[in-house]
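# Observations on chain architecture
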Amino acid sequence: MTNKRLGKQTVALAAPPSIRAGACVGGKMEKAGPLAAWFDCLEEDSFFGQQTWEKAESYMQQTALSLALEKAGLAPENLDYVLAGDLLNQCIGSSFCLRSFQIPFYGLYGACSTMGESLSLASLLIDGGFADRAAAMTSSHFCTAERQYRMPVPYGNQRPPTAQWTATAAGCTILEREGDGPYVTHVTCGKIQDKGICDANNMGAAMAPAAYDTLSAFFRDTGTAPEDYDLIVTGDLGKLGHEIVRDLFRRDGVELGSRFLDCGLLLYDLKGQDMHAGASGCGCSASVFNGYLLSGLREGRWRRIVFAPTGALLSPTSAFQKESIPGICHAVCISTFR
């Protein structure tokens, strides 16, 4: 069997990799949120016992990877590769995490789309015969992201209504060639979309065009429609971005309906926790997927979902230079059957 390229962006995997285990770690705000029960580990201390927030983020990834390996009954040497990234400069959250594991490592940067990017590439590696097992992983931390992209937390700056709260969370998925599923059956690689949004406090509007473009390509390439899936879940578009994507599809005559969800709207109680437009950060979609969504697939609540994390590909330098914010979205189809 060979992979079937369904279009310029989507590949149907010939031997869909199985998800053997997933694990997620969160912080204080995640512990107070509606998905707390689906986390493997939750900490009140934003430092996670470390000296800096950056070290705390690296520790979160270490914990997520260790928990996923434990749940899978595997040792680090049983993994052929780890594909991981984060929001920090040079992806130090991931690279510093993996210093002690001695696993072959590919560092990725897809901003908040990194969970989708790592799942996509890990699945392609396994399906292509280049690996038997691989881990896909990412993280974010509210305090590290605020310090790098916006204002240091001690400044106490006000957040506009369009702002989202960066999740303090990490998630890790272990995939393998054989197994009982659920399975990654399709991968859609996104294209850069940039509609001129320059406001770093309005990530939803910056990323929404990418989500629309990638999901449109996925449905077009696979010859399917939204109603063919139990859930279509984007990553941290938040309230505004979620509505923009719904409106863009509505203009095409497509109603996404109640099956269309967003990790940024699921992770927190927007009103009760005062989260403005919702959650963001790599750890948002990573934790929602490896906890809530993966549990639902295993328990039979859903049989086939589309998981499409989104990312805003800005940097502090590009923001200072008044550049607009490019968006990206990578989608995977995950099914309980091959």
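A brief report on the enclosed structure follows. (Residues numbered from 1 in each chain as written. Predicted model: local features only at pLDDT ≥ 70, side-chain atom pairs only at ≥ 80, totals over all residues. Heavy atoms only, no water.)

Our next topic: helix 4 (residues 114-127). Spanning 14 residues, helix 4 covers 20 Å between terminal C-alpha atoms, matching the ideal 20 Å at 1.5 Å per step. With 12 of its 14 residues buried, helix 4 lies for the most part within the structure. Every buried residue belonging to helix 4 is among Thr114, Met115, Gly116, Glu117, Ser118, Leu119, Ser120, Ala122, Ser123, Leu125, Ile126 and Asp127, and all of these are buried. Positioned one or two residues after helix 4, Gly129 has a phi angle of 90°, which is positive. (Helix = DSSP H or I, 4+ residues; strand = E, 2+ residues; numbered from the N terminus. Expected span 1.5 Å × (residues − 1). Buried < 20%, exposed > 50% of the residue type's maximum accessible area, 1.4 Å probe, protein only.)

Nonpolar side chains in soluble globular proteins tend to end up buried together. Formed by 42 residues in total, the largest nonpolar core has its most connected members in Leu267, Leu293, Phe307 and Ile334. Counting residues per element, this core draws most heavily on helix 9 (residues 282-298), which supplies 8 residues. Every residue in contact with Ile334, bar those within four places of it in the chain, is listed here: Ile19, Pro182, Tyr183, Val184, Phe289, Leu297, Arg303, Arg304, Ile305 and Phe307. (Core = buried A, V, L, I, M, F, W, Y, C linked by side-chain atoms within 4.5 Å. Contact = heavy atoms within 4.5 Å.)

The N-to-C vectors of helix 4 and helix 9 enclose an angle of 55°; their axes lie 8 Å apart at closest approach. For the element pair helix 4 / helix 9, the angle class is oblique. Packed against helix 4, whose contacting residues are Thr114, Met115 and Leu119, the element helix 9 presents Cys282, Ser285, Ala286, Phe289 and Asn290 at the interface. Considering only residue class, the contact of helix 4 with helix 9 consists of 5 nonpolar, 3 polar and no charged. (Axes fitted to C-alpha atoms, helices over the stretch in contact; angles between N-to-C directions. Parallel < 35°, antiparallel > 145°, perpendicular 65-115°, else oblique. Nonpolar A, V, L, I, M, F, W, Y, C, P; charged D, E, K, R; others polar.)

Let us now look at the pairing of strand 7 (residues 133-140). The element strand 7 is largely enclosed, with a buried count of 7 among its 8 residues. In the sheet, strand 7 pairs with strand 9 (residues 169-176) via 8 bridges, with the strands oriented antiparallel. Bridging from a neighbouring strand, Ala134 pairs with Leu175 of strand 9. (Pairing = 2+ DSSP bridges.)

Further remarks concern the pairing of strand 5 (residues 81-85). Of all the 5 residues making up strand 5, 4 are buried; the element is thus mostly covered by neighbouring parts of the structure. Note on the crossover from strand 5 through helix 3 (residues 92-97) to strand 6 (residues 105-107): the handedness is right-handed. (Right-handed = clockwise from strand over helix to strand, strands pointing away.)

Look at the link from Gly181 to Pro182: it is a cis peptide, with omega at 5°. Assignment of secondary structure puts Pro182 in the loop between strand 9 and strand 10 (183-188). The phi dihedral of Ala111 is positive, around 55°, even though this residue is not glycine. For Ala111, a relative accessible area of 1% puts it in the buried group.

Along the chain, Ser318 falls in helix 10 (residues 316-320). From its side chain, Ser318 meets the backbone nitrogen of Ser315 in a polar contact 2.9 Å long. (Polar contact = N/O pair within 3.5 Å; in protein donor to acceptor, adjacent residues only side chain to side chain.)

Here Arg246 is to be found in helix 7 (residues 238-251). Overall, Arg246 belongs to the buried group, its relative accessible area being 13%. Residues Arg246 and Glu30 lie 216 residues apart in sequence; the distance between their C-alpha atoms is 26 Å. Not counting chain neighbours up to four residues away, the residues in contact with Arg246 comprise Leu256, Gly257 and Phe260. A distance of 3.1 Å separates a polar side-chain atom of Arg246 from the backbone oxygen of Gly257.

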